[in-house]
Amino acid sequence: MNAQFLYNALAAYRKFILFIMLIFFAYAMAFGQDEGLRFKEGYAKISSQGKYGFIDKTGTIIVPCVYDYVNDFEGGYAVVRIKNKYGIIRKNGTTLIETKYDMCEPFSEGLAVVKSGSKYGFINEAGEEVIKPQYQFVMGFTNGLAMVHVNGKNGYIDKQGEQIIAPKYEFALPFSEGLAPVMIGGKYGYIDKAGKEVIALQYQMASAFEENLAAVKLGDKYGVINKAGKMIVSPKYDDIRGFSNGFAIVLDNEKYGIINQNGKEIVSPRYDMIDSFSDGIAMYRRGGKLGYIDSRGNEIIAANAEHAKLILASK
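Now for a quick tour of the structure. (Residues numbered from 1 in each chain as written. Predicted model: local features only at pLDDT ≥ 70, side-chain atom pairs only at ≥ 80, totals over all residues. Heavy atoms only, no water.)

## Examining the overall build of the protein
Moving on, step 1. For the protein, the helix and strand inventory stands at 2 helices and 32 strands.
Moving on, step 2. Relative to its 315 residues, the protein shows a buried fraction of 38%.
Moving on, step 3. Contacts in the protein between residues far apart in sequence, at least 24 positions, make up 22% of those at least 6 positions apart. (Helix = DSSP H or I, 4+ residues; strand = E, 2+ residues; numbered from the N terminus. Buried < 20%, exposed > 50% of the residue type's maximum accessible area, 1.4 Å probe, protein only. Contact = heavy atoms within 4.5 Å.)

Structure follows, in structure tokens:
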């Protein structure tokens, strides 16, 4: 391969890349919605004259802007809305479910929540109503079960619509890691998928298990328990977010810090805000200024006004 040929090839490649960038810029200007051009599963939402659709990464319009709103694609499907009715489309723009429901959620474990009138049910990925709308409220399937609300109480059904756990709880959340938080008489605890209360109803609040740990409230403070109900972090915080990537954000006296799964304070509560970790770093705010810390609590980018401007500009 001679040098002139290589030079011409590189020049052509640069022109191609520039052309693609110009396409994206043109679409961003023509269709630019408030959320910006953001791709998920290879597609980005666009809007034109108040209507929404999708483009792929080549800038080709895959779904014309005919919907009043669209959600991002999840698992190959997107929830769409025309006027006040919801449906679901496939990635190629074809319709799975006509816009006929009063509410529709993304698929979870192969089934999606739909609402018809005042009743909730489920459809499958073939668009069939496998569980007819009949419940006062439901939440999507997790761990093979879905929470349903019947006559003011909460229980659980399986994917065939069979009642697995009778509706007797005043409050309940979906199963996570095999357990679900439930409440009776203002006391929270946990049940397993057979409906057995494996952690007694004794807390003032209880969150879903994440990474085998859950935040619970005793008195007016939060601590952390494991699946055996053992207190890993004593109740001493004003709030605790769920664990993610081995860490949880805690609140104490209106200041935020970070603990690990053993309850050790990686970052003592001293920040006005801490965001969740992503790629090992988290954004923080202190005194109106923004910076970044790593998972060991080191301020890798110190807080200052200039960083705040740059970070906020990138949002």
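Now that the structure has been shown, the text picks up again.
## Observations regarding the sheet that holds strand E5 (residues 69–70)
Moving on, step 1. The antiparallel open sheet is built from 4 strands, whose spatial order is E5-E6-E7-E8. Unpaired on one side and paired on the other, E5 and strand E8 (95–101) mark the two borders of the sheet.
Moving on, step 2. Summarising the sheet, strand E6 (residues 77–82) and strand E7 (residues 85–90) pair through 6 bridges and their orientation is antiparallel. Looking at the pairing, Val79 lines up with Ile88 of E7. (Pairing = 2+ DSSP bridges.)

## What to know about the sheet that holds strand E18 (residues 180–184)
Moving on, step 1. Read from one edge of the open sheet, 4 strands run E17-E18-E19-E20, paired in antiparallel fashion. The open sheet has two edge strands with one neighbour each: strand E17 (171–172) and strand E20 (197–203).
Moving on, step 2. In this structure, E18 lies alongside strand E19 (residues 187–191), joined through 5 bridges in antiparallel fashion. Across the sheet, the residue bridging to Met183 is Tyr188, located in E19.

## Things to note about the pairing of E18
Moving on, step 1. Counting buried positions over the 5 residues of E18 gives 4, a clear majority of the element.
Moving on, step 2. Pairing geometry for E17 and E18, over 2 bridges, is antiparallel. Bridging across to E18, Ala172 finds its partner in Val182.
Moving on, step 3. Counting the residues in the hairpin turn of E18 and E19 gives 2 residues, including Gly185, whose phi is positive at 60 degrees.

## Some thoughts on the side chain of Asn226
Moving on, step 1. For Asn226, the position within the fold is in strand E23 (residues 221–226).
Moving on, step 2. Engagement of the side chain of Asn226 in a polar contact is seen with the backbone nitrogen of Lys230, the distance being 2.9 Å.
Moving on, step 3. With residues near it in sequence (within four places) discarded, Asn226 still touches Ile199, Phe209, Asn212, Leu213 and Ile232. (Polar contact = N/O pair within 3.5 Å; in protein donor to acceptor, adjacent residues only side chain to side chain.)

## Concerning unusual backbone geometry
Moving on, step 1. Despite not being glycine, Gln49 has its phi angle at roughly 55 degrees, a positive value.
Moving on, step 2. By the secondary structure assignment, Gln49 is in the loop between strand E2 (43–48) and strand E3 (51–56).
Moving on, step 3. For Glu177, which is not glycine, the phi dihedral falls at a positive 55 degrees.

## Considering the pattern of salt bridges
Moving on, step 1. Per the counting criterion, the structure on display carries 11 salt bridges.
Moving on, step 2. We note a salt bridge from Asp102 to Lys85, for which the minimum N-O separation is 2.6 Å. Here Asp102, found in the loop between E8 and strand E9 (103–104), pairs with Lys85, found in strand E7; they are 17 residues apart in sequence, far enough to count as distant.
Moving on, step 3. For Lys85, a relative accessible area of 32% corresponds to the partly exposed category. (Salt bridge = Lys/Arg side-chain N within 4 Å of Asp/Glu carboxyl O.)

## A few points about the environment of Thr94
Moving on, step 1. Relative to the helices and strands, Thr94 resides in the loop between E7 and E8.
Moving on, step 2. For the pair Thr94 and Ile62, spaced 32 residues apart in the sequence, the C-alpha separation amounts to 9.9 Å.
Moving on, step 3. Of note is the side chain of Thr94, whose polar atom sits 2.6 Å from the side chain of Asn92.

## Description of the environment of Glu41
Moving on, step 1. Within the element layout of this structure, Glu41 appears in the loop between strand E1 (39–40) and E2.
Moving on, step 2. Once the C-alpha coordinates of Glu41 and Gly75 are considered, the two residues, 34 residues apart in sequence, prove to be 8.0 Å apart.
Moving on, step 3. Leaving out residues up to four positions away in the same chain, Glu41 has contacts with Phe73, Glu74, Gly75, Gly76 and Lys91.
Moving on, step 4. Of the polar contacts made by the side chain of Glu41, one reaches the backbone nitrogen of Gly76; its length is 3.0 Å.

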